[in-house]
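# Tertiary structure, described
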Amino acid sequence: MDFKEQILEGIPTELPALKPYPSNANRAPKRKDILSIEEKQLAIRNALRYFPKQWHEELAKEFAQELKTYGRIYMHRFKPTYKMYARPIDEYPAKCKQAAAIMLMINNNLDNTVAQHPEELITYGGNGAVFQNWAQYLLTMQYLSMMTDEQTLHMYSGHPMGLFPSSKNAPRVVVTNGMMIPNYSTPNDWEKFNALGVTQYGQMTAGSFMYIGPQGIVHGTTITVMNAFRKILTEGESPAGKIFLTAGLGGMSGAQPKAGNIAGCITICAEVNPKAATKRFEQGWVDVLIDNIDSLVLRVKEAKEKNEVVSIAFIGNIVDVWERFDVEDIFIHLGSDQTSLHIPWTGGYYPVGISYEESNRLISEDPEAFKEKVQASLRRHAAAINKHNSKGTYFFDYGNAFLLEASRAGADIMAENKIDFKYASYVQDILGPMCFDYGFGPFRWVCTSGNPADLDKTDQIAMDVLEKMIAQSPKEIQLQMQDNIIWIKDAKKNKLVVGSQARILYADAEGRFKIADAFNKAVAAGEIGAIVIGRDHHDVSGTDSPYRETSNIYDGSKFTADMAIHNVIGDSFRGATWVSIHNGGGVGWGEVINGGFGMFLDGTEAAAERLKSMIFYDVNNGIARRSWARNEEALFAIKREMERTPSLKVTLPNLVDDNILKNLF
Ligand SMILES: NC(=O)c1ccc[n+]([C@@H]2O[C@H](COP(=O)([O-])OP(=O)(O)OC[C@H]3O[C@@H](n4cnc5c(N)ncnc54)[C@H](O)[C@@H]3O)[C@@H](O)[C@H]2O)c1
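Nothing here was measured: the structure is a model prediction, and the numbers come from that model.

This part is about the overall build of the chain. In terms of helices and strands, the chain carries 23 helices and 17 strands. Taken over the C-alpha trace, the chain has a radius of gyration of 25 Å; the compact-globule value for 665 residues is 26 Å, and the two agree within 12%. Counting the 665 residues in the chain, one finds 59% classified as buried. Considering only intrachain contacts with a sequence separation of at least 6, the fraction spanning at least 24 residues in the chain is 70%. When the accessible surface of the chain is split by element, carbon and sulfur atoms take 53% of a total near 27,600 Å². Computed over 70 positive and 79 negative side-chain charges, the separation of the two mean positions in the chain equals 2 Å.

See below:
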């Protein structure tokens, strides 16, 4: 059967043969054995719901074995045999093009060259799933192939509940991932209910079919590093020859040296795992590889002297670097950390003083001793950073829970008020006030023709739009506009595409609309094929996350999730082609609610109308909330938007004089 026939068939009519896992596959870790015997029976009963009765006896044994071996039932036998990648849109069997575009995006998220653990349907982040099992994939693709533009597919954590009648203006797909009753939202609840087959961790763009490879993280990191330098340098001063010290060359952290090079500084990135460091070096994401601290010191002194722009990977522990640079009196301008401290006890953070191999032994043989070593290391790590900070280093937390875990370990990391940390997070200091509060966020698009020439044309269109806009932009957002013009000019040269022909660009409400509108017109004129637009969930309005996206909200509302919920509802009736809302993503299950959308631009008037209405709300919802929280930059942005758009009326806060509050209690 060819690709189209397999899609149309859905669950095969004949039981496919059992197949081995490919020997070179990057497999997901074995999950926790958390279910009781009764619950395991329930998990099998749940899994068998997808298949005819005559297969149950055989499949029951197989699924029980999968559950035992992997901690989950992936139904690997049902993984299709065709090559998984974002095919040109016309190759998808579909009655409506919107549905075909969604199929393309799903295939991209499961592409072997894009996905982290493709056999387990995991796109990124270790557990960011597109589906829980292959039956869900097969059924979803079949539903999409048969749907009309007056039906909507409702998906519960990867499970396609079915096609429901709707209308042309309704979303074609509504996705929820991991939505739980709040009291059942701890990490162990995820383990249990995911093993039962009733929920999944959709991360951000994994479960919403909007992942576009490492390009997204490179751009976000570049924006952060560039703006961090702006905070500490005088106007016109160049980052060349100035040091950015950080750790981690893994999945997302591996973008740091590339971002440092684009920002134009000296990046030193420590990585304990030689394989991870060598991989990034071989990929060309870091310029120099050094495994000896004396050589590192010499090379860094040379780079400083020559005012170089260079990225250096140091194979070793980050704590050693912070401490040695203190002894050598090497001034660090910018410091951060991207070790995986959101999972500190299972290999996310390697303690100083013991080898990488010894750490791995302790993790499995003596987890308590390992935990003590991690905490002692974090105390030393923080103490070394504090020493540099007293000399003038600017340190920021990069959303990896460094400050949180260091504080739990008893490190000297709390501010004088004993509530806040000594250092701010990248959203509090940088992305929040400089980008999100003005509406700038990770807008992205995918060329559904799969033709690289289309991507070149869209880059050019986006650049033309931004260059026209910058002439009219107020001084408050000139830098953001400039950064993105430079980014889009160099995007092709930086070779960022992995998987679908996609591009990311930070833009505000006006920029996102104008760029997308110009795309739609180019599609209508036959200059390019149809375009999908969307964004990362890590954005202005889509995500409520008190320690990350909304960490710069100071009116107490950062622990609420109203904004994210309004966003998904608001986008869905304003014309999004698909919408999604997730629990978890980035910082963990129960710690964040995040949502996103996808929109198909086919060059029609109807698409232009939907675009105008939805993009406007998708960005300004968050600015309104941020301005109500008294964020100065958001107040500026929403007032400007109200002048531009007379039908927008937002409640503005009255600011209270501190003196009035002083002696009240
Ligand atoms: N907020 C954001 O936008 C953002 C962006 C990127 C990453 N992050 C966070 O950063 C963290 C890293 O993400 P990732 O995908 O790169 O994870 P990862 O696990 O793939 O990479 C982390 C790397 O750190 C290395 N490491 C651990 N301890 C070390 C030590 N003491 N010294 C030197 N190296 C050490 C590990 O070997 C690993 O390769 C995560 O917590 C993630 O959530 C946040």
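More follows now that the structure is in view.
Position of His-388 among the secondary structure elements: in helix α14 (residues 367-391). The residues contacting His-388, other than those within four sequence positions of it, are Trp-322, Phe-325, Asp-326, Ile-330, Ile-332 and Thr-393.

By convention here, two paired aromatic rings are described through the distance between centres and the angle between planes. Summed over the entire model, instances satisfying the criterion amount to 26 aromatic pairs. Clustering of aromatic rings is evident, with ring pairs tying together Tyr-50, Phe-51, Trp-55, Phe-63 and Phe-78. Here Arg-27 stacks its cationic end above the ring of Tyr-70, 4.6 Å away from the centre of that ring.

Moving on, we get to the environment of Arg-610. By secondary structure assignment, the location of Arg-610 is in helix α21 (residues 605-628). Since its relative accessible area comes to 11%, Arg-610 is described here as buried. Not counting chain neighbours up to four residues away, the residues in contact with Arg-610 comprise Gln-98, Lys-168, Asn-169, Arg-574, Gly-575 and Met-599.

On to the pattern of salt bridges, then. This structure, assessed with the given rule, holds 40 salt bridges. Of the charged contacts in the structure, one is a salt bridge between Glu-476 and Lys-475, with a shortest N-O distance of 3.4 Å. Salt bridges linked by common partners bring Asp-294, Lys-301, Arg-324 and Glu-328 together as one network.

So, on to helix α10 (residues 293-305). With 13 residues, α10 ought to run about 18 Å at 1.5 Å a step, and its terminal C-alpha atoms sit 18 Å apart, in line with that. Considered for burial, the residues of α10 that qualify are Leu-296, Val-297, Arg-299, Val-300 and Ala-303. Taken together, the buried residues of α10 touch β6 (243-247), β7 (266-271), β8 (288-290), β9 (310-315) and α11 (318-327). Note on α10: the residue one or two positions beyond its end, Asn-307, has a positive phi of about 55 degrees.

Right, let's get into the state of the cysteines. Within the structure shown, the criterion is met by zero disulfides. Summary of cysteine pairing: Cys-435 is not part of a disulfide, and the nearest cysteine sulfur, belonging to Cys-265, is at 17 Å. Using a relative accessible area of 2% as the deciding quantity, one classes Cys-435 as buried.

The ligand sits among 26 residues. The nearest are Ser-253, Glu-271, Ser-340, His-342 and Tyr-426. One of the side-chain N or O atoms of Ser-340 is found 2.7 Å from an oxygen atom in the ligand. Here a nitrogen atom of the ligand sits 2.5 Å away from a polar atom, N or O, in the side chain of Tyr-426. Here the shell around the ligand is composed, by residue class, of nine nonpolar, 15 polar and two charged.

Looking now at a nonpolar patch on the surface. The grouping of Val-656, Ile-660, Leu-661, Leu-664 and Phe-665 at the surface amounts to a nonpolar patch, some 610 Å² of accessible area in total. Here Val-656 is to be found in the loop between α22 (632-644) and α23 (658-662).

Below, the discussion takes up the nonpolar core. Among the nonpolar cores identified, the biggest contains 136 residues, and Phe-51, Phe-63, Tyr-137, Trp-445 and Ile-533 are the most heavily contacted of them. The contacts of Phe-51, once residues within four sequence positions are left out, are Ile-11, His-56, Leu-59, Phe-63, Met-75, Phe-78 and Ala-135.

Conventions we followed
Residues numbered from 1 in each chain as written. Predicted model: local features only at pLDDT ≥ 70, side-chain atom pairs only at ≥ 80, totals over all residues. Heavy atoms only, no water. Helix = DSSP H or I, 4+ residues; strand = E, 2+ residues; numbered from the N terminus. Rg over C-alpha atoms; globule rule 2.2 N^0.38 Å. Buried < 20%, exposed > 50% of the residue type's maximum accessible area, 1.4 Å probe, protein only. Contact = heavy atoms within 4.5 Å. Areas by Shrake-Rupley, 256 points an atom, 1.4 Å probe, with all protein chains shown as cover. Lys, Arg positive; Asp, Glu negative; His and termini not counted. Charge placed at Lys NZ, Arg CZ, Asp CG, Glu CD. Phe/Tyr/Trp six-rings, centres within 6.5 Å; stacked < 30°, edge-to-face > 60°. Lys NZ or Arg CZ within 6 Å of the ring centre and 35° of its normal. Salt bridge = Lys/Arg side-chain N within 4 Å of Asp/Glu carboxyl O. Expected span 1.5 Å × (residues − 1). Disulfide = S-S within 2.5 Å. Near = heavy atom within 4 Å. Polar contact = N/O pair within 3.5 Å; in protein donor to acceptor, adjacent residues only side chain to side chain. Nonpolar A, V, L, I, M, F, W, Y, C, P; charged D, E, K, R; others polar. Patch = residues over 30% accessible without salt bridge, like charges linked within 9 Å, V, L, I, M, F, W, Y side chains within 5 Å. Core = buried A, V, L, I, M, F, W, Y, C linked by side-chain atoms within 4.5 Å.

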